[in-house]
Amino acid sequence: MLEVDNISKSFGTVQAVSDLSFAARPGSIFGLLGPNGAGKTTTIRMILDILAPDRGEVRWAGRRVGPHIRHTFGYLPEERGLYPKMKIHEQLMFFARLHGLSADEARRRIATFFDAFRLNEYLKRTPAELSKGNQQKVQFIAAVVHRPPLLVLDEPFSGFDPINVEIVKDSVRELVAEGTTILLSSHRMEQVEELCEDICIIDRSRSVVAGNLRAIKRAWPNRFVRMTNLPDMSFLQRFPGVVATGASDGVAHITVPAGTDAAALLRAAVEHGPVDRFEVAEPSLTDIYLHYVKPEGAAA
Amino acid sequence: MTTLALLVSRDYLTRVRSRGFIIGTILGVLGILALSFIPVLGRLLGNLFSTSIALVGPDPATTAIVQRALTGDYRVAVQKERSLGPTLPADLKKKLLAGTYDAALVAYRTPGGQLGFAYYPVKSAGVEEQEVLRRRLLQAAIEADFQAREAVQVAQALHFPFTTTNLNGRYRNAAEVGFAQGLVYFLLILLYISVIMYGVYVSQGVIEEKSNRVMEVMIAAVRPNQLLAGKIIGIGALAFTQMLIFAAVAGAMLVVAGRHVAGPMLLPAGSPAQAAQGNVLSMLATVPLSTIVYLVIFFVLGFFSYAAMFAGVGALASKAEDVQQANGLLIWPLIIAYVVALFAIQTPDKPLMVVFSLVPLFSPMVMFTRVAISVVPLWQVGLSIALSLAAIWLFTLLAAKLYRVGVLMYGKPLSPKEVLRALRAPA
């Protein structure tokens with residue numbers, strides 16, 4: 001269990017993170033979202049004990065994160081980097097051993113990963129000789145080779161083609177199944193939505209929403225109706241709080257309060273014309289994100 | 001294996017196998033081989049200064065002849081005293097040790113009436129230097145004795161008595177002095193090159209990890225302090241490896257030179273210099289173990305005091321270009337130390353040299369030269385080492401602070417304000 005307890009950090013006059021709290025459960029993926037400059041990287045650095053919070057603390061398994069535990073964590077930073085002139089195999093051995101594996105264990109694990117990632121032919125090459133995608137795979141292996149109990153992935157899928165995205169996703173799911181706690185930071189909403197059970201969105205150094213993604217969606221005050229756009233949509237006015245937000249391609253976009261009787265809405269619609277499409281959806285993560293994160297320059 | 005050992009071995013192993021290191025070492029070895037065949041270093045050094053000589057003669061006429069023979073190569077100061085034998089007058093010795101003159105030359109008449117000379121250099125006299133002096137004195141001896149004696153005796157005059165007594169009493173004969181100076185000169189070059197080269201390696205190593213973003217992964221796993229220590233020790237070990245290789249080659253060359261090169265060199269038969277070259281092996285045996293031990297000590301001190309600064313500079317920059325100017329600044333104290341040390345070979349015990357040999361950043365080179373050439377009071381050596389260690393501790397502390405802030409900054413170099421704030425932060 002990773003607990004982030006009310007941490008704050010400022011650099012000079014810039015407040016990077018303010019009173020941030022959340023918890024990530026073992027064997028699950030926690031999504032950390034927010035615009036660039038919101039404080040995600042600073043938060044990650046405090047979780048990994050690279051930076052010390054000004055206030056508050058980060059706990060792993062009930063203990064404050066410190067030198068005794070930090071080196072067992074895995075970290076795939078957004079800014080990727082390998083030693084360009086060091087052979088792949090040596091490099092992974094180095095990282096694995098740096099994270100506390102024995103030489104034998106490290107060799108064994110690297111071999112397993114190389115099979116899974118189809119990298120065997122590149123063992124003796126240097127990163128400079130590899131394609132970007134293969135470099136990314138090596139970087140990913142470097143972050144997970146020691147089977148960290150906590151794995152921090154910052155934009156893990158950037159730079160991968162769709163096939164490799166699936167390979168990495170499979171590997172991530174495997175790690176979760178083994179009980180790894182994963183903190184995933186990404187701008188790719190659909191991937192976060194697909195993988196994460198819990199999320200926290202931060203904006204301008206503060207947490208704006210945090211918790212179980214399903215629960216957040218369920219508790220959302222509105223639902224979203226997509227239905228055939230009829231010539232006469234005036235019936236909507238009979239339902240309090242229902243707003244048509246626009247239409248495109250013959251589909252009307254309608255926002256309705258969560259308590260609205262959708263069946264009654266559908267019946268009313270059918271009276272006004274042929275309806276061959278009608279669906280009620282919970283908000284997407286994008287909807288939630290856009291609701292909470294104010295555009296740059298808007299008042300906080 | 002501990003984290004630090006892992007870091008050190010990575011920094012060491014990746015570099016020791018790199019093409020740059022191998023080529024650099026080979027070039028260095030070739031350079032040493034080339035240098036071994038150009039035995040002009042001693043002569044170059046001897047000509048750096050003209051020595052001031054206090055001259056004591058048996059009578060005004062002879063003194064004038066000797067003075068004439070020496071003028072040009074030496075600054076001669078004729079003394080009022082008259083010599084009665086080869087001994088050095090006590091009050092002149094005091095003046096010498098006070099630094100008034102570099103040396104004293106006592107010209108005297110032997111009981112047989114022959115002109116003889118006793119040379120008393122304050123600093124130890126080099127082989128070449130004594131050879132030059134001997135030739136000048138030969139002239140004087142012939143001129144002085146020609147007026148009074150038969151031609152038969154001129155031949156005898158060619159074998160005029162000439163002794164050298166080093167006042168600091170460290171060396172048994174002039175050959176040893178020359179050998180020690182040559183060796184120190186060579187070791188200074190080695191010290192200078194390796195500190196500069198490996199210091200720059202350190203700052204480049206830091207920059208490299210920052211510019212290719214490995215740093216971010218590294219600091220998640222290890223402390224900046226460990227990273228700093230790993231870098232400095234790893235590259236220090238690399239430097240040490242190269243020095244060992246160079247030293248082995250140089251040692252082998254000295255031995256080879258002693259056997260085969262000495263003969264054809266243009267030195268008068270029977271001269272101390274010739275004797276020296278004829279038997280380099282036995283000369284090597286006269287190099288005290290302490291010189292080698294001091295070389296190691298001062299190399300380590302020199303490397304670490306500069307390496308910590310180079311690492312701090314590396315942490316502040318984010319691109320290789322940023323670091324070059326700052327490196328240029330750091331090299332200055334080293335250049336000064338090197339030049340001062342060259343002077344110290346000739347005048348190891350002048351007060352200015354004593355000061356330089358105590359000041360950190362200069363002391364590794366200057367104190368090494370002094371202990372290798374002269375007899376240095378132990379308290380000075382101890383103080384010098386202690387001050388150096390204190391400076392290393394301070395520099396490493398400051399570098400670690402810069403490192404902690406600097407390693408996470410990419411893209412832009414730290415502003416002076418940020419640097420100050422980092423340095424003031426608690427350790």
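The coordinates are above.
Throughout what follows, the structure given in this document is the object of discussion. Only a predicted model underlies this, so the values are computations on that prediction, with no experimental measurement involved. (Residues numbered from 1 in each chain as written. Chains lettered and ligands numbered in written order. Predicted model: local features only at pLDDT ≥ 70, side-chain atom pairs only at ≥ 80, totals over all residues. Heavy atoms only, no water.)

## As for the sheet that holds strand β7 (residues 150-154) of chain A
Residues and elements named next belong to chain A. For clarity, the cut-off: Only strands that DSSP links by at least two bridges are regarded as paired with each other. Runs of E in the DSSP output that reach at least two residues are strands. Runs of H or I that reach at least four are helices, and both are numbered from the N terminus. Axis angles are defined between N-to-C directions and span 0 to 180 degrees, where every axis is a line fitted to C-alpha atoms and, for a helix, only to the segment in contact. When checking whether two residues touch, look at their non-hydrogen atoms; a contact exists if any pair is within 4.5 Å.
If you trace the six strands from one edge of the open sheet to the other, you get β6-β7-β8-β3-β9-β10, paired in mixed fashion. A single partner strand is all that each edge strand has here, and the edge strands are β6 (74-76) and β10 (206-212). Averaged over all pairs of adjacent strands, the angle between their axes in this sheet comes to 15 degrees, without regard to strand direction. Its contacts with the sheet put helix α5 (residues 132-144) on β6 and β7, and the angle it makes with β6 is roughly 160 degrees.

## Some points on helix α9 (residues 262-271) of chain A
Residues and elements named next belong to chain A. The condition that has to hold: When a residue's accessible area, from a 1.4 Å probe over protein chains only, is under 20% of the maximum for its type it is buried; when over 50% it is exposed; and in between it is partly exposed. To be clear, the arc concerns the directions from the helix axis to the C-beta atoms. Side-chain atoms alone can form a polar contact between residues adjacent in sequence; in general such a contact is a pair of N or O atoms within 3.5 Å, and within protein one must be able to donate a hydrogen while the other accepts it.
All of the buried residues in α9 are A264, L265, A268 and A269. When α9 is viewed along its axis, its buried side chains cluster within an angular range of 140 degrees and face the same direction. Buried-residue contacts for α9 involve β11 (222-228), β13 (251-257) and β14 (278-281). A distance of 3.1 Å separates the backbone nitrogen of A263 from a side-chain oxygen at the start of α9, and that oxygen is part of D261.

## Focus: the interface of chain A and chain B
The condition that has to hold: Values labelled buried area give the accessible surface lost by two parts on being combined, using a 1.4 Å probe and summing over both. The salt bridge criterion pairs a side-chain nitrogen of Lys or Arg with a carboxyl oxygen of Asp or Glu, the two atoms within 4 Å.
At the junction of the two partners, chain A supplies 25 residues and chain B supplies 23 residues. Surface buried jointly by chain A and chain B totals about 2200 Å² across both partners, of which 60% is contributed by carbon and sulfur atoms. The largest share of the area that chain A buries against chain B comes from R70, Y83 and L98 of chain A, three residues that together contribute 27% of it. Where chain A meets chain B, there are three salt bridges. D49 of chain A is paired through a salt bridge with R223 of chain B; the nearest N and O atoms lie 2.6 Å apart. Remark: the boundary between chain A and chain B carries seven residue pairs in polar contact (both at pLDDT 80 or more). Looking at the side of chain A that touches chain B, the elements with two or more residues in it are α2 (67-70) and α3 (88-98) of chain A.

## Observations regarding the packing of aromatic side chains
Where we set the bar: Only Phe, Tyr and Trp rings are paired, with Trp represented by its six-membered ring, and only when their centres lie within 6.5 Å; those with planes under 30 degrees apart are stacked, over 60 edge-to-face, the remainder tilted. In this analysis the charged atom, NZ for Lys or CZ for Arg, is taken to sit over a ring once it is within 6 Å of the ring centre and within 35 degrees of the ring normal.
Tallying each qualifying case throughout the model produces 15 aromatic pairs over all chains. Of the aromatic side chains, those joined through ring pairs into one cluster are F240, F299, F303 and F304 of chain B. Sitting above the plane of the Y83 of chain A ring, R10 of chain B keeps its charged end 3.4 Å from the centroid.

## A short note on the nonpolar core
Under the convention used in this document: Residue types Ala, Val, Leu, Ile, Met, Phe, Trp, Tyr and Cys, when buried and joined through side-chain atoms within 4.5 Å, form a set referred to as a nonpolar core.
Judged by nonpolar contacts, the single largest core of 172 residues is most densely connected at F22, F94 and F95 of chain A together with M218 and F368 of chain B. For this core, the leading source of residues is helix α8 (residues 174-211) of chain B, giving 16 residues. In terms of nonpolar packing, the next biggest core, distinct from the first, is built from 21 residues, L55, V66, A107 and F160 of chain B among them.

## Some remarks on the packing of helix α16 (residues 363-373) of chain B against helix α17 (residues 378-406) of chain B
All names here are of chain B. For clarity, the threshold we go by: Roughly parallel here means an angle under 35 degrees, roughly antiparallel means over 145, roughly perpendicular means 65 to 115, and every remaining angle is called oblique. Throughout, a crossing is termed right-handed when the near helix is turned clockwise from the far one, and left-handed when it is turned anticlockwise from it by less than a right angle.
Contact geometry of α16 with α17 gives a least axis separation of 11 Å together with a crossing angle of 160 degrees. Considered as vectors, α16 and α17 are oriented roughly antiparallel to each other. The element α16 and its partner α17 pack so that their crossing is left-handed. Together, S363, P364, M367, R370 and V371 of α16 and Q380, V381, S384 and S388 of α17 make up the contact between the two elements.

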